[in-house]
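Observations on chain architecture
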Amino acid sequence: MNEIEHIIQVLKNNDFFLVTSHLNPDGDSVGSQLALVSLLKEMGKRAVIIDEDPVPNNLCFLPQSDRINSKLLRTEDFPQVSLVLDCSDLERVGKVAQLVKETDLIINIDHHISNDKFGDINLIGEEASAVAEQIFDLIESLGYPVGKERAVSLYTAILTDTGSFQYANTTPKTHQIAACLLKEGVSPSLLAEKVYRVDSFSRQKLLGLALGTLERTCDGSIAWFRLTREMYQQSQSSPEETNGFIDCISSIQGVKLALLFRDREDSKVKVSFRSKGELNVASLAEHFGGGGHRGASGCLIKGSIEEVEKRVLAVARQYTQKIKN
Ligand SMILES: [Mn+2]
């Protein structure tokens, strides 16, 4: 029995499911969770979505997104099985990990190459652009229709995790699935409008401050910038508003590696890495205890933003040097 058959058996044989995903939810985590729960409901099952962090504003339009809770309402019984989506390790779900561990069985559905296989069943689709592709396969394998509501959630997940079909993770299968979702009635223009044209004034001010710190190496192959807590105050914005910032600099001509340094209240610095696929940034992040994908990854490092910048750039230079030779 392969993993997907094993998962189907577990879904059929149990009644109450806990679905969760990572902190700072994105289009893939929210869309995939909603589509999965909608499937479980259609199968006549009970399911709850518990995420530590709230759904970002631009994704609140997704059908049933108001069903995502931050706490489990204690009913008489407890979910038997948890389904953890889009997490390379269980720590990514934050506090909800405690609830996950209380369930009898953990199903891990993910597409990060760095996944540590924390589940009792692990469906790791390294080729999948988004977990949404794996959920789509699951719906098909079970023989249920996708339907418009689930299609909207899955399409949003794929759209955001592929950077609007621009990243190297976009495959023929990604487009085939997207085509199926459009046939279910998804409007690509309306959806893109809802997901992307919702910038706030404060976010643009913050981006301006961050771009003021932009630097690059002499050969132009590495570019980086930083976000400090003072900038959030100055622009009256919050760390949640920084999604997509790094793409502004990874688009610079000649840049093979883009980095964003963000200092946090806990005296750690969040480092994000982007490449156009040539350079494996997952292994670069792993060097510092983080993880991710070939083209997009991140890590958390203790220290001041100046120290961390120095340390990471030293290693990053060696990495880019390697691909030149
Ligand atoms: Mn994802």
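Rules of the game
- Residues numbered from 1 in each chain as written.
- Predicted model: local features only at pLDDT ≥ 70, side-chain atom pairs only at ≥ 80, totals over all residues.
- Heavy atoms only, no water.
- Salt bridge = Lys/Arg side-chain N within 4 Å of Asp/Glu carboxyl O.
- Helix = DSSP H or I, 4+ residues; strand = E, 2+ residues; numbered from the N terminus.
- Buried < 20%, exposed > 50% of the residue type's maximum accessible area, 1.4 Å probe, protein only.
- Domains from an automatic or database assignment.
- Contact = heavy atoms within 4.5 Å.
- Buried area = accessible area lost by both parts, 1.4 Å probe.
- Polar contact = N/O pair within 3.5 Å; in protein donor to acceptor, adjacent residues only side chain to side chain.

Considering all chains together, one arrives at 10 salt bridges under this definition. The partner of Arg-274 in a salt bridge is Asp-247, and the shortest N-O contact between them spans 4.0 Å. Taken together, the residues Arg-274 in strand S10 (residues 268-275) and Asp-247 in helix H10 (residues 247-250) connect sequence positions 27 residues apart. On the accessibility criterion, Arg-274 (21% relative accessible area) is partly exposed.

A positive phi angle is found at Gln-64, which is not glycine, with a value near 70°. Looking at where Gln-64 falls in the secondary structure, it is placed in the loop between strand S2 (46-50) and strand S3 (68-69). At Phe-165, a residue that is not glycine, the phi angle is positive and equals roughly 65°. For Phe-165, the position within the fold is in the loop between helix H5 (147-161) and helix H6 (172-183).

For the chain, the domain assignment lists domain 1 (3-196) and domain 2 (202-324). Distance between the C-alpha centres of domain 1 and domain 2: 27 Å. Domain 1 puts 6 residues into the contact, and the matching count from domain 2 is 9 residues. Roughly 560 Å² is buried in total at the junction of domain 1 and domain 2, and carbon and sulfur atoms are behind 52% of that figure. Taken together, domain 1 and domain 2 are joined by 0 salt bridges. At the boundary of domain 1 and domain 2, one finds 3 residue pairs in polar contact (both at pLDDT 80 or more).

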